[in-house]
Structure formats: structure tokens, C-alpha cells
Amino acid sequence: MSNFSIKGSGHVLSTETIDGEIATLNLGPTHPATHGIFQNVLTVDGERILKAEPTIGYIHRAFEKLAEHRPYNQITPITDRLNYCSSPINNIGWHMTVEKLVGIEVPKRVDYMRVIVMELARISDHLVCNSVIGVDTGAFTGFIYMFQEREKIYELYEEICGARLTTNIGRIGGFERDFNPIFLAKLKKFLDGFSASFKEFDTLLTRNRIFMDRVIGAGPISAERAIEYSFSGPNLRAAGVDYDVRAMNPYSSYQDFDFIVPIGKDGDTYDRFIVRQEEIRQSIHIIRQALEKMPKGDFHAHVPDFYLPPKEDLSNSMESLIYHFKIVMGETQIPKGEVYHAVEGANGELGYYLVSDGGRTPYRLHFRRPCFIYYQAFPEMAKGSVLSDAILTMSSMNVIAGELDA
Amino acid sequence: MMQTLENEHLLLAIETHLGDMPTSQVDTFGMLNIEVNRLQIVSIVKFLKESLEFNFLTDLCASHYPEKLGAEFEIVYHLHNFIANKRLRIKVALSENDIFIPTLTGVFVGANWMERETFDFYGIQFQDHPDLRRILNMEDMDYHPLRKHYALEDETRTDKDDKFFGR
């Protein structure tokens, strides 16, 4: 009997199968290890995966069709439900798409406020992903610690917009209200406490021998293959390609901030984990800079066609009442045109391809959902690995069912 | 230092490759838009990938214009050149009666699911696609839901008046 060891993983498996029997294993649609509703039909030889066949669409909600029937400001709540771990990025990405189409210039302060909110969302998304990698390797503690931090981020969202998960944050043209003093105090407290607890989480896993043995070499992908598969975000960067929309096509004044785009080398689970860990630190760094350099000014652009007037004006200003009515009824004039706008979502390039024919709703809206595009590489990445590594590959790719199915 | 790629140079290269100018070229919101026909699409994308470093297929989708007779469907490709940081949009018009287009999976593996999604929602037939099945909808559906004449809600409903809301 001959044995071989998988690169770096420490597992020693027999090359001979027990009796050569191939089995079909149904992983999902509802399985605690998949962290979402999607099915994988695995063909396994013992523990080893010969073939994986993903079936998706279990929570498809026809967002693109819905969007063709809703006025522009009513599409924001739909975007919440794409990647629901970082809804604010989706919301703000959509606002910026409409602003690009209409030609709205938002004040610098709005850009900085948006940067703070988007980076908070990125932190919470990466925290979920990385702590879940911990759970899947058997380390539950870090998950509990990091969910406390995520809870604090949700409280920050609550201070800005009143909601926690599906945030519907901001408006076309800016924010519905300025950051209040409670938010700023809470944010300061969060920033002060985060580094210490994040360091604990980091020391728990990053250089932990057991964890490293488990994740190094699990589900690797080369830079060439990752580009072929149109990977983006941390998964592409873990493979060694320094593509980040924030750095390459800066939006919302990202060019004003100093941050590093971390990259990995092997594109395996460990690299994806490390890239996300570093991005969390960079996000904290960006938030601190944005707070420090926060310009004075308005928290919204002066675009009465799109931005609701203050409620108290409705009873004594005719214009305000007209604008209010037009916006609420979705009768705003939108120019014709087609626009593609991309933001760096927590999972990669989140793009909005919008075609307007001048009607009250988009003529066509297509979401470029990073999850949907990179999840198709999963069969290739899982092939030949053991089942437990395939679970890790899936959780480290951070496949979010809402974004996958749209 | 990033090299730059101007629209003129790009168009010139495309023209040289195709032998004639693409039927339409406009720059919308900083992105060059070109239209080619379906026989040219694979060759042009391959050329852009191999010779002009358009290595990244950002997106692939379709849209439906029922009133444009003979060109009811439009397949939209977004390509990205990371080195010069240049994005490009390519469109191919298709007739409702002849909705066949060669697959791009031979050039970009990632086109696989994007084309399946386009097939699922618009019924576009991608020729030589390795696995052209529905992806988000059920296998036994007999319509393609993003086509314009497919109503969002059951049209026999009388309890809801969408006169003021909805499109």
C-alpha cells in the first residue's frame, strides 16, 4: 500500500480505495456546512471528490425583472438583498450608478461618509467569512468573538439609517441625515476596541499550527485560471492579481486615501483568509483617515428631483410638496442612456449595467454579481480534494446565496 | 507606470482585424461601445484578449427590445484590460427568429455560467456551449422570464391596480 501527502496539509491518505466504490453525495440544498441554500451533487470515492455539480437558484427572486417595474429609488431595497452581509456597499453602488447616469455631483462630505459606511460593511463581511472559515476548521471561539464586533457594526448602521441587516442606507444624492453625535461616539469606541479583539482573533488562527495545516493548500487556484474565470475581489487577489476597483477605478473619492491592496500567492484557503484579514486592517485605516479628513459641508447634493425635501417643508412650500409627490410616485425624469458602474463589493467587482429609455423605471438592469461568476470555478477547485477541504474552499470563497441567485 | 490605450488606437486595431469598421462606436460615460455581428464576436474577443490584453470578461448579459424588428435581442459583453485600465463594451444584435450566437466559453471559461444565465432568462442559444441548461430557474419552465412580453405578475389578477405604480 502506497501513501502520499497532500501539499502542506499533513493528511496522509491511502491511494487505494477500500473497494473502488463510487458514491454520490448530496451536499445541500440546506446543509449547515454550506452556509447558504445551494446544492452540490458530489461524486466521491471514499473521502475524495471526483466531481462536483453545483445547482443554484434556490432563492432566486427575479430582481432584474422586479427592477424593470420599480422607480429608481425603490430599487435600493432590492440591492440590500444581494450580498446581505454587506448591504450598504450594494446600496451605495446603486446610488452612484444612478448619479452617474443623471450626472449628479455629490459633495465631498458625502463621498467620505460613504467611504466610512462602505468600509464598515467590508469589515463586517470579511469578519463573517473569516470567522466561518474558523468554524469549518473546528475553531468556534473566534466566530463568537468576531460576531460581537459585527454586532457593533450593525449598531452603527442603526444609528445612520435605523436598520441593521437590509439597510437601504442613503439616498440618490447623499444621505437622508448627517452622522449624529451618537454615531460618531460609537464609531470611535468601536475603532478603539476593535484592534485589540481583532488581534486576539488573529493570534487565535493566523499562525496557529493546526489551522495552517488544515487550510494551506486547500482549494488553490492559479492567477491565470482565476482571471479566466473572471474572479474578482479577495479571491482574485489571493491568487496574486492586484485588481481592486477602489484602486484601479476610484469612485467616491477613494483616491484621497492611502491603503494597501494585499495579495496572496497560491490562491488557496489560507491566502484568501490572510488577504481578508489584511483588508480588514486596511479598512480600519481608511475609516480613520476619512474621519480625520472629513470635509465640512452638506450631507446630500441639491437635487430636488431626486432627493426628498425635509418633511416639515411640505406644509408651507408648494415646490417641496410637488417634488415630494413626484419622487414618492416615481415620476422623476431620468435621462436616456446606458451606464456601467462598478464598486468593490466585499466579494469583488459588483457592477450595475443600467439601460434607461427615459421611462420611470430602468429599461434593463443587470447586476454583475461576483459570487455568481466565481462560484462556477468550485467544481474545478474541489476536484481531487477531500470532502472537508471542499467545505473549506466553499466557505473561504465566501459564496453568499443572495448574491449568487439574485 | 500604467500605459494608456486611446479609443482611436483601439478602434484602429479592431478595424484592421475585422477588415472594416464596427457598425457603431460611441463613448458613453467613459466606456467605448462597439457593435459587431455575431459571426465576428468570437474572433474579435479572442483578438482583443490575445493581442490587446483585454484579459478579463467583466460581464455578459442580454437585453430585449421587442419593437426593434430584426434586432430584438442584444447581447452585451463587457471586457476589461487591466494593464491599460481600459473597459470596452461590445454588443451583438440578434433577431428573434434566429437567436443563435457562438459561445464565448472557448475564449473565457467564466463565460459558461453567464451564458447559461442569459439563455435562462432570454432564451438565447449559445452554439457549442458545453452545458447550456437553465441555471437559476427550474428546468421545466417553458418561458424565458426577462423577455418583455412576459408579465411580472399574473395578468388575470383583478385585485391589484398597477395604473399608478409599476411601469
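Residues numbered from 1 in each chain as written. Chains lettered and ligands numbered in written order. Predicted model: local features only at pLDDT ≥ 70, side-chain atom pairs only at ≥ 80, totals over all residues. Heavy atoms only, no water.

A. Structural context of unusual backbone geometry. Phi angles above zero are rare outside glycine, and asparagine 398 of chain A is one such case at about 55°. Take asparagine 398 of chain A: it is sitting in the loop between helix H15 (387-397) and helix H16 (401-405). Looking at asparagine 398 of chain A, the relative accessible area reads 6%, which means it is buried. Positioned with a positive phi, aspartate 128 of chain B is a non-glycine residue whose angle comes to about 65°. By the element assignment, aspartate 128 of chain B lies in the segment after strand E7 (125-127). (Helix = DSSP H or I, 4+ residues; strand = E, 2+ residues; numbered from the N terminus. Buried < 20%, exposed > 50% of the residue type's maximum accessible area, 1.4 Å probe, protein only.)

B. The arrangement of the pattern of salt bridges in detail. Residues and elements named next belong to chain A. As enumerated under the stated definition, the model contains 39 salt bridges over all chains in all. We note a salt bridge from glutamate 331 to arginine 360, for which the minimum N-O separation is 3.6 Å. On the criterion of sequence distance, the pair formed by glutamate 331 in the loop between helix H12 (318-328) and strand E6 (336-345) and arginine 360 in the loop between strand E7 (348-357) and strand E8 (364-368) is long-range, its members being 29 residues apart. The exposure class assigned to glutamate 331 is partly exposed, which follows from its relative accessible area of 38%. One network of salt bridges, in which partners are shared, links Glu119, Arg122, Arg237, Asp244, Arg246, Glu279 and Glu344. (Salt bridge = Lys/Arg side-chain N within 4 Å of Asp/Glu carboxyl O.)

C. Examining the environment of tyrosine 243 of chain A more closely. Along the chain, the position of tyrosine 243 of chain A falls in the loop between helix H9 (234-238) and helix H10 (245-248). Judged by its relative accessible area of 1%, tyrosine 243 of chain A falls in the buried class. In this structure, the C-alpha to C-alpha distance between tyrosine 243 of chain A and methionine 318 of chain A, residues 75 residues apart in sequence, is 49 Å. Filtering out sequence-adjacent residues up to four positions away, tyrosine 243 of chain A remains in contact with Leu236, Arg237, Met248 and Glu349 of chain A together with His80, Phe82 and Arg87 of chain B. One polar contact links tyrosine 243 of chain A to arginine 87 of chain B, side chain to side chain, over a distance of 3.3 Å. (Contact = heavy atoms within 4.5 Å. Polar contact = N/O pair within 3.5 Å; in protein donor to acceptor, adjacent residues only side chain to side chain.)

D. Seen up close, the pairing of strand E2 (residues 31-36) of chain B. Residues and elements named next belong to chain B. Counting buried positions over the six residues of E2 gives five, a clear majority of the element. Pairing between strand E1 (residues 24-28) and E2: five bridges, direction antiparallel. Counterpart to aspartate 27 in the pairing with E2 is leucine 32. Hairpin remark: E1 followed by E2, antiparallel, with two residues in the connecting loop; positive phi at phenylalanine 29, about 50°. Sheet topology places E2 next to strand E5 (residues 86-94); five bridges connect them, and they run parallel. Paired with isoleucine 34 across the bridge in E5 is isoleucine 90. (Pairing = 2+ DSSP bridges.)

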